[in-house]
Amino acid sequence: MKRPESHRDHTSLLEILKKVEKTPDSAFFLNPPQRTKKPSLLFLGAREKLILDTSNFPDFYKELQFRRNPRQFVVLLLEYEAGYLFSEKFADIRNEMAGKELGTALVFDRVTSTVDMRGMPAGYEALNDRMISSIKFDQTREEYVSNIGLIKKRIEAGDTYQINHTMLGTFSYKHPPSKIFTSILFNQTTDYSAFINTGGKMVLTFSPELFFEQKEEKIKVKPMKGTQKRMPLYNERMHRKIALAHDSKQLAENLMIADLLRNDLHRICIEPVKRVNLFSIERYESVIQMVSHISGVIDPEMNIIELMKALYPCGSITGAPKISSMQIIRDIEKRDRGLYTGTIGLLTARKAVLNVAIRTLVLDPESKMGTAGLGSGIVWDSIPESEYEECLLKGEFFTGPVRHFKIFETLLVVNKQIPLFDHHLERMSNSAKELHFYFDRGLMVEEVMKGCGDLDPAKQYRLKLLLGKYGDMEHFVEELAPLPERIVVGFSETRTDSGDSFLYNKTTRRDIYDAERKIACERGLFDMIYQNQSDEITEGGITNIFVKSGNLWLTPPVKCGLLTGIGRKLFMQGRRVVEKMITKQEVVEAEEVILTNALRGEIKVDQIIE
């Protein structure tokens, strides 16, 4: 694949975001190439801005409908509290909110640019730190637990079956919003991300949840309920995925909301809701989540106010039944949610795509302060402390430090050819899928050709390929140095953690190995052998390890925390090898020790220093 033509206008994602940052009333909707073939959309400088408040409710939606024509595009942001405008049962709340701005619509005459993100560099600097600081939530752990107690009393009284309870965090920040977005986005490959400059605030949304998508007469919703942390090992991750799919609390929570949204759709569909795909599992960088898919058919002439009246706000962030749950939320949370749990999206003549505004930051460039909400669904058998921990887990996307990295492969070049190219291609492809990177074979081949083009065919080289988040590649080449006459190895005193997912993929996040590589070379060692937290041998810093025992070769199983090297794979294909836990003493007393990697093949160890 060649670099897309659209890249001529933009050198990186960060460059695009800086344009939005500098231009009031602008937006960028990012469609990650890892998840979709749709291009990303850049809108700069809206021709018109519409503001929703309690006094112009019907007129605002009439204006939206009027602008849903083939010549215009509308970027819509609605606060959660805009949902109180749709029912007379909330008349008292509407009176409390008199004069409050509840939504913004930015109207554009055209898409400034469609952007193909495939192969585009992110352009971020290596910030590798926390994007925010001094975060303070409006509820302590004790207050959150107490509020869940109040919710359970309302459930017991029959006022609700489920409540989505939230807390709001306020924080300070120092980096430009464009860098914060790019940095956080690295670990948030979601379908409904956007970076929006409203003229006063910067909105950074990384939402994985669809509120609704309407295309002419077709409409679908995808309520998301049920969250668990991802595990690094494939078998453990599958166990967690199965456990989530059979968790009675999570299933009940998801089913209640799926039923609520299905009933909402029934109010506007001209045919019965036909397709209901319950409890599917979606995988993200740090969590797995349960999602249900519901779709139906509406009158294609239905206007936006009718759609919103039936569906807004999304039931996944209120509870069931919706009206009473919204009243309970107001009673217990005692503050506005703002844009959090509202909606952000794009309206055109034929289509509307709106997210549920979770995992969303609102930044004030003047004060350098921001807000973000966190929440969880509360049912009768919810465990209060676990719900609080779920909130913190969801908040790690912006509260924790962000560390960027690249996937890489180190290839042997012989006579300007790569003998093990297919193996490297397969591993890089698998790592990209595991770590949510975009990978294209054509771009890898193109980069290899660049790297090998001017090499001396009489020499051997070490070619390092690095893969960026969106498929961009770079390479470094150096002549391969000869092996030392004697292969001497030692043991690292540092223990690795088998729960570290980065041990299982070849990435630039290898701090322990890189730091001790220099020490090993200074000591005259070819490599350092590592042990995990349980004192089990894992691997070398640049090699896998095999020890001979009788007529068998032993090697540590992957679950100990190691990379499945290409040299390891080839060695195991041609010999009798058993995967088992190995101790340091077994290595020292072994009849023979072999190290392997793709660059050097099989390397016999001459001396082991304890």
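This write-up is about the structure you can find in this document. Keep in mind that this is a model prediction, so the values were computed, not measured. (Residues numbered from 1 in each chain as written. Predicted model: local features only at pLDDT ≥ 70, side-chain atom pairs only at ≥ 80, totals over all residues. Heavy atoms only, no water.)

A short note on the overall build of the protein
- The helix and strand inventory of the protein stands at 15 helices and 32 strands.
- Relative to the compact-globule value of 25 Å for 610 residues, the protein shows a C-alpha radius of gyration of 27 Å, a close match.
- Principal-axis analysis of the C-alpha atoms gives the protein an extent of 85 × 55 × 50 Å.
- Within the protein, the fraction of its 610 residues that count as buried is 57%. (Helix = DSSP H or I, 4+ residues; strand = E, 2+ residues; numbered from the N terminus. Rg over C-alpha atoms; globule rule 2.2 N^0.38 Å. Buried < 20%, exposed > 50% of the residue type's maximum accessible area, 1.4 Å probe, protein only.)

What about helix α10 (residues 384–399)?
- Over its 16 residues, α10 extends 21 Å from the first C-alpha to the last, a length consistent with the 22 Å expected when each residue adds 1.5 Å.
- At L393, α10 is deflected by roughly 25°, the largest bend along its length.
- Those residues of α10 lying buried are P384, E387, Y388, E390, C391, L393, K394, G395, F397, F398 and T399. (Expected span 1.5 Å × (residues − 1). Bend = angle between axes of the 7 residues up to and from the residue.)

So, the sheet that holds strand β26 (residues 537–540)
- The sheet built from four strands is open, its strands ordered β26-β25-β24-β32 with mixed pairing. Either end of the sheet is taken by a strand with one partner, and the two such strands are β26 and β32 (607–609). Taken over all neighbouring pairs, the strand axes of this sheet differ in orientation by 30° on average, direction set aside.
- Bridge analysis of strand β24 (residues 488–496) against β32 gives three bridges, and the strand direction is parallel. Bridging from a neighbouring strand, V488 pairs with Q607 of β32. (Pairing = 2+ DSSP bridges. Axes fitted to C-alpha atoms, helices over the stretch in contact; angles between N-to-C directions.)

Side note on the packing of aromatic side chains
- For the structure on display, the rule yields 25 aromatic pairs.
- Between the aromatic rings of F57 and F86, the centroid separation amounts to 5.2 Å while the plane-to-plane angle is 80°, which identifies the pairing as edge-to-face. Highlighted residues: F57 in helix α2 (residues 57–67) and F86 in the loop between β4 (73–78) and α3 (91–96), separated in sequence by 29 residues.
- Among the residues examined, F86 registers a relative accessible area of 13% and is labelled buried.
- Grouping aromatic residues by their ring pairs yields a cluster made of F57, F60, Y61, F86, F211, F212 and Y312. (Phe/Tyr/Trp six-rings, centres within 6.5 Å; stacked < 30°, edge-to-face > 60°.)

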